[in-house]
Protein chains: 2
Amino acid sequence: MMMNVPLTIPMMFEHAERYFSKKVVISRTAGGVHRFTYGEIAQRTRRLAHALEKLGVQKGERVGTLAWNHHRHLEAYFAIPSMGAVLHTINIRLSPQQIAYIINHAEDKVLLIDPDILPLVEAIAPYLSTVKAFVLMSNTDLPDSPLKPLYSYETLLAESDPAFSFPSIEDENQAAGMCYTSATTGNPKGVVYTHRSIVLHAMALGLADSTAVSERDTVLTVVPMFHVNAWGLPFACVWFGSTQVLPGPYFTPQLLAEFMETEQVTVTGGVPTIWLGLLKELEQKVYDLSSLRGLLCGGSAAPLAMVRAFEEKWKVPFYHAYGMTETSPLVSFARLKSYQDGSEEDRIQSLTRQGYMVQGTEMKVVGAEGEVKWDDKEMGELLLRGPWIASEYYRDERSDDTFKDGWLHTGDVVTVDEEGSIKIVDRTKDLIKSGGEWISSVDLENTLMTHEAVFEACVVGIPHEKWEERPLACIVLKDLYKGQNLKLEILEFLHTQFAKWWIPDDIVFVDEIPKSGVGKFLKRELREQWQDYYVGSTTVID
Amino acid sequence: MMMNVPLTIPMMFEHAERYFSKKVVISRTAGGVHRFTYGEIAQRTRRLAHALEKLGVQKGERVGTLAWNHHRHLEAYFAIPSMGAVLHTINIRLSPQQIAYIINHAEDKVLLIDPDILPLVEAIAPYLSTVKAFVLMSNTDLPDSPLKPLYSYETLLAESDPAFSFPSIEDENQAAGMCYTSATTGNPKGVVYTHRSIVLHAMALGLADSTAVSERDTVLTVVPMFHVNAWGLPFACVWFGSTQVLPGPYFTPQLLAEFMETEQVTVTGGVPTIWLGLLKELEQKVYDLSSLRGLLCGGSAAPLAMVRAFEEKWKVPFYHAYGMTETSPLVSFARLKSYQDGSEEDRIQSLTRQGYMVQGTEMKVVGAEGEVKWDDKEMGELLLRGPWIASEYYRDERSDDTFKDGWLHTGDVVTVDEEGSIKIVDRTKDLIKSGGEWISSVDLENTLMTHEAVFEACVVGIPHEKWEERPLACIVLKDLYKGQNLKLEILEFLHTQFAKWWIPDDIVFVDEIPKSGVGKFLKRELREQWQDYYVGSTTVID
């Protein structure tokens, strides 16, 4: 038979260490732009694993990161799973309460923290029950901080062994990473990735018919490393030996465009909001983007105008992909089949679809009458299955709502065309996607309805030029309050309970909320009614 | 955690059935050239699985194929493993005795046989102890035959269900295929592939940095489907939806060139002997090969002149790969790294190397003093490890000679350059590679030494223009026979015991065989001494 060789993250790491030691990672931090070879990164990664071992991290324990995209975060990506622990990337855009919840829920033992995120961690530190050590990801002196014990990342590395040997990982189904995702209501839900799922997913990113990540690529990873492992790009890039550009904190569209030009970036990945910003920048100033062979866009559906602008005006191939935290994330890819040689307009339209299942993943689209016809008309919920699709949420009773009969129920409503390409037409879940992040309309509604003047509240996602979608609150006031102008008062009320970017951009007062026969809000109707409400709006929320 | 979804051959098959049903397989048989869509192939494959089930094939049992490259063989590739049985592809170039041995050793229950191979099977039928049914892969009427029971492939399919459901395969480590490889001495040794190993290997063929098999490709698979699953190409092509061209029996270089031109082939794969023939054909007649993006060459080392001719004269990128039956086979690929921008001469030289390990496989090169330096000078035996590398031979006591301490000992002696690219410089095993097939020098020597006039015999592989290597017998006669011209007599003696193409092209009579301190033949010295012996020779052996 065949050797029982497990698929593991150290296997990917060691491939790069052996064969790509001269290749480069370009990393931007608060301190500037740095260049490291994979040879250097490999030694630093082994040092980090050794340091974490000395801090007492045991096999299977979680180590959290609160960090932007840079070389130290990349080192954590490989050091933590390679030592047998679990890389827990924490979404720093969640509210402090949610962040505290997930650190406690994951039982993180150590936190690796970027300097600008330190104040946030200091604020929630009293509520953290499992963290034994904090590490500041910087090469500056340690600041005064209530966090105890607080270590310097670079000091820890300096004191550790660059030739540290990873323990052998025998079971590829061992946990390697985890990431929490927003829930329709309540606290975020955790997804646990395994060594096997991460390796197979990286392999899928290397396939010629998906992103085709290769040694010849220079990949600018814009999607945050706290979002579904930055779509798996850091793992794939290391394994396949691509040059990586990690743009660090608080980058601007200008910085991204400059990186693309100067580093001759071939592939980049980010959410539509980022690419809207880039399109504006390209109108301002001339950049040479001729090296770019693919601009990967996911996280939410790309508008037609954006696809057209990149494809036709800027001659940048637009790679539209679909996935979610629960799916590692790559599930489908909007590449045309070789014989789909319709008009240019057909081609652009096809690229706005979510596309075809990537090899290894399987879909089933189920409507009221069972599996839908592939006629692009019948709608059904998209169900997914595959070796890099989650089977449950981590220690969460809500798992059963999403994972049924061996399938992940995505909550996305799709149609399927005759070739098998899917297109999202609606969401069954009440989540709003703003700038690549989820907002729970249900949580907003529940809070709004606790306001004494509010009779009914329905929050819907309305198309927005910059953020893709922004929440709009539709409110029916109690009779006693009708006619009063309570807009500011209610918005301020929300401000006391949610992160700033969760707050609806506006409130409209209506006489009633349209409802279905069983009394459920017909959000789709409201969305259609108000779809143009934010047109031309450029509210800045961060 | 992640779903426990096994990697299986029906998973690949069903992907093509759903998404690539309009793509085409062009298949040449004795009856002519046929075109089938994957939709048709899928239905025929399900029919075949159903037919085999009705013939009584049980889960885990072996079904043998003795067939060329065509659509029926492709159907067998998917039907047999998808129904839970084991696809045993039989090398029809082995001697009848060896073929009988491996059918009995594998305990094949059913044999699928091409019409032209029927006489061979009829000849060995009395010696077959496990076969319960024979199937003739043709749409012609059944001939009179001593084979009982003998079925017609097309009649079986016509009587079976095109919507037959495959049983679910829960364990990806279940056997899916097997293939026998020649041994240094004695009978061939069996390698068993699993569903997991075949799927992972297919994924490796889809990687941008290896062959990058994709939906946009038209792949002409010249390497026989009875050789290591035709290098896994049929599996990868189906999964990724490539158009396939299967050239059938007894093709000529002209036929291959015509297929390349008319079907606009993008990728093709075969052994050096085939490509030497193609080069000659290209000199004779003008063909448009501009669609060809890669000519995959493996099975034995490609001569520099061949690489140069394809790359420089015909502008066809030369994909030099390395592997063996025990390795599924893809292990390494001679692609240059992006920063290897030396002279054109350096580039061509690099392409003659065996290249870099493909992601997922691992090597260790061990010389007398342990692992060798990466200086391209120190030599060592190439050891391999990975999820598509065999861990043993099937029920064979010789396994321990090859599989030790978790590594496959290839018997190939290599050097490694500073970038990690390997180059084969010698073989520790006494095998001669002729036209992509193995000849055991030891078996020839043992037989030669039973001849009454022979004192010592040493058989070595000598470079040959058409066949890569051909055996040359170096013989020391007993004193009594010295000076006699026994060449023809000894060659005829060999003819009684070996397949025609095993017979050395010539015999040289020498005074002594050079030996090492412990009395072992120094074959390397003999090979060097006689290396030009077959230059200019064009012996036809088939």
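Residues numbered from 1 in each chain as written. Chains lettered and ligands numbered in written order. Predicted model: local features only at pLDDT ≥ 70, side-chain atom pairs only at ≥ 80, totals over all residues. Heavy atoms only, no water.

Structural notes on the sheet that holds strand E12 (residues 267-270) of chain B
All names here are of chain B. With mixed pairing, nine strands are arranged side by side in an open sheet as E2-E1-E11-E10-E12-E13-E14-E15-E16. In this open sheet, the two strands that pair with only one neighbour each are strand E2 (32-37) and strand E16 (356-357). Where strand E10 (residues 218-221) meets strand E11 (residues 243-246), three bridges bridge the pair, whose relative direction is parallel. Pairing of Leu220 across the sheet is with Val245, part of E11. (Pairing = 2+ DSSP bridges. Helix = DSSP H or I, 4+ residues; strand = E, 2+ residues; numbered from the N terminus.)

Details of the relation of the copies chain A and chain B
In the superposition of chain A on chain B (RMSD 0.1 Å, axial shift 0.0 Å), the rotation amounts to 180 degrees. Such a combination of turn and shift is consistent with a two-fold rotation axis. Most of the interface of chain A is mirrored in chain B, where 100% of its interface residues again form contacts. (Least-squares fit on C-alpha atoms with pLDDT ≥ 70 in both. Contact = heavy atoms within 4.5 Å.)

Observations regarding the UniProt feature "domain: AMP-dependent synthetase/ligase" (unreviewed entry) in chain A
The UniProt feature table records "domain: AMP-dependent synthetase/ligase" (unreviewed entry) at residues 14-394 of chain A. Along residues 14-394 of chain A one finds 33% helix and 22% strand; the C-alpha atoms at either end are 29 Å apart. (UniProt positions renumbered as here; feature names shortened; annotations may be inferred.)

Notes on the domain arrangement of chain A
Often, the extent of an interface is quoted as the loss of accessible area on bringing the components together. Residues and elements named next belong to chain A. Taken domain by domain, chain A comprises domain 1 (1-20 + 37-194) and domain 2 (432-530). Listed by partner, the interface residues are nine residues for domain 1 and eight residues for domain 2. A combined buried area of about 710 Å² lies between domain 1 and domain 2, and 41% of that area is made up of carbon and sulfur atoms. Looking at the side of domain 1 facing domain 2, the largest losses of area belong to Arg93, Ser182 and Thr184, adding up to 50% of the total buried there. Scanning the region where domain 1 abuts domain 2 turns up one salt bridge. Glu437 serves as the salt-bridge partner of Arg93, at 2.9 Å between the closest nitrogen and oxygen. Taken together, the connections running from domain 1 to domain 2 amount to four residue pairs in polar contact (both at pLDDT 80 or more). Grouping the constituent residues of the side of domain 1 that touches domain 2 by class yields one nonpolar, seven polar and one charged. (Domains from an automatic or database assignment. Buried area = accessible area lost by both parts, 1.4 Å probe. Salt bridge = Lys/Arg side-chain N within 4 Å of Asp/Glu carboxyl O. Polar contact = N/O pair within 3.5 Å; in protein donor to acceptor, adjacent residues only side chain to side chain. Nonpolar A, V, L, I, M, F, W, Y, C, P; charged D, E, K, R; others polar.)

Observations regarding the packing of helix H11 (residues 272-284) of chain A against helix H12 (residues 304-313) of chain A
Helix packing geometry: the angle between the two helix axes and the distance between the axes. All names here are of chain A. Interhelical geometry of H11 versus H12 gives an angle of 45 degrees and a closest axis separation of 10 Å. Relative to H12, H11 is oriented oblique. Like other packed secondary-structure pairs, H11 and H12 cross with a definite hand, here left-handed. On H12, the residues touching Pro272, Trp275, Leu276, Leu278, Leu279, Leu282 and Glu283 of H11 are Met306, Ala309, Phe310 and Lys313. For the contact of H11 with H12, the class distribution of residues is nine nonpolar, no polar and two charged. (Axes fitted to C-alpha atoms, helices over the stretch in contact; angles between N-to-C directions. Parallel < 35°, antiparallel > 145°, perpendicular 65-115°, else oblique. Left-handed = near helix turned anticlockwise from the far one by under 90°.)

Looking at the side chain of Thr327(A)
With respect to the element layout, Thr327(A) can be found in the loop between strand E14 (318-322) and strand E15 (332-333). Excluding residues within four positions of it along the chain, Thr327(A) makes contact with His201(A), Leu384(A), Trp388(A), Ile389(A) and Leu408(A).

Description of the packing of aromatic side chains
The relative placement of two aromatic rings is captured by the distance of their centres and the angle of their planes. Summed over all chains, the structure comprises 34 aromatic pairs over all chains. Both rings, one in Phe164(B) and one in Phe166(B), keep their centres 6.3 Å apart while their planes meet at 80 degrees; by these two values the pair is edge-to-face. Note on Phe164(B): relative accessible area 8%, which makes it buried. For Phe166(B), a relative accessible area of 13% puts it in the buried group. Within the aromatic cluster, the residues linked to one another by ring pairs are Phe13(A), Tyr77(A), Phe78(A), Phe164(A), Phe166(A) and Phe235(A). A cation over an aromatic ring shows up here: Lys466(A) above the ring of Trp467(A), its NZ or CZ 4.8 Å from the ring centre. (Phe/Tyr/Trp six-rings, centres within 6.5 Å; stacked < 30°, edge-to-face > 60°. Buried < 20%, exposed > 50% of the residue type's maximum accessible area, 1.4 Å probe, protein only. Lys NZ or Arg CZ within 6 Å of the ring centre and 35° of its normal.)

What about helix H4 (residues 96-106) of chain B?
Among all positions of H4(B), only Gln98(B), Ile99(B), Ala100(B), Ile102(B), Ile103(B), His105(B) and Ala106(B) are buried. Where H4(B) is buried, its residues meet strand E3 (62-66), strand E4 (86-89), strand E5 (108-113), helix H5 (118-124) and strand E8 (175-181) of chain B.

Some remarks on the sheet that holds strand E2 (residues 32-37) of chain A
Within the open sheet, the nine strands sit side by side as E2-E1-E11-E10-E12-E13-E14-E15-E16 (chain A). Their pairing is mixed. Two strands close off the open sheet at either side, each with one partner strand: E2 and strand E16 (356-357) of chain A.

Thoughts on the pattern of salt bridges
Within the structure shown, the criterion is met by 64 salt bridges over all chains. Residues Glu172(B) and Arg196(B) are paired through a salt bridge, measuring 2.8 Å at the closest nitrogen-oxygen approach. Linking Glu172(B) in the loop between helix H6 (153-158) and E8 with Arg196(B) in helix H7 (residues 195-206), this pair joins segments that are 24 residues apart in sequence. The network of salt bridges with common partners includes Lys22(A), Lys337(B), Glu418(B) and Glu419(B).

Focus on helix H10 (residues 253-262) of chain B
An α-helix turns once per 3.6 residues; consequently, residues spaced three or four apart project the same way. Residues and elements named next belong to chain B. For H10, the complete set of buried residues consists of Leu255, Leu256, Ala257, Phe259 and Met260. Buried residues in H10 make contact with strand E1 (24-29), E2, E10, E11, E12 and helix H11 (272-284). Directly after H10, the chain includes Gln264, whose backbone phi takes a positive value near 50 degrees.

Observations regarding the pairing of strand E13 (residues 294-297) of chain B
All names here are of chain B. On E13, burial covers both faces: Gly294 and Leu296 on one face and Leu295 and Cys297 on the other are all buried. Regarding topology, H11 serves as the crossover connection from E12 to the parallel E13, and that connection is right-handed. You can see the chain leave E13, run along helix H12 (residues 304-313) and come back into strand E14 (residues 318-322), and the turn it takes is right-handed. (Right-handed = clockwise from strand over helix to strand, strands pointing away.)

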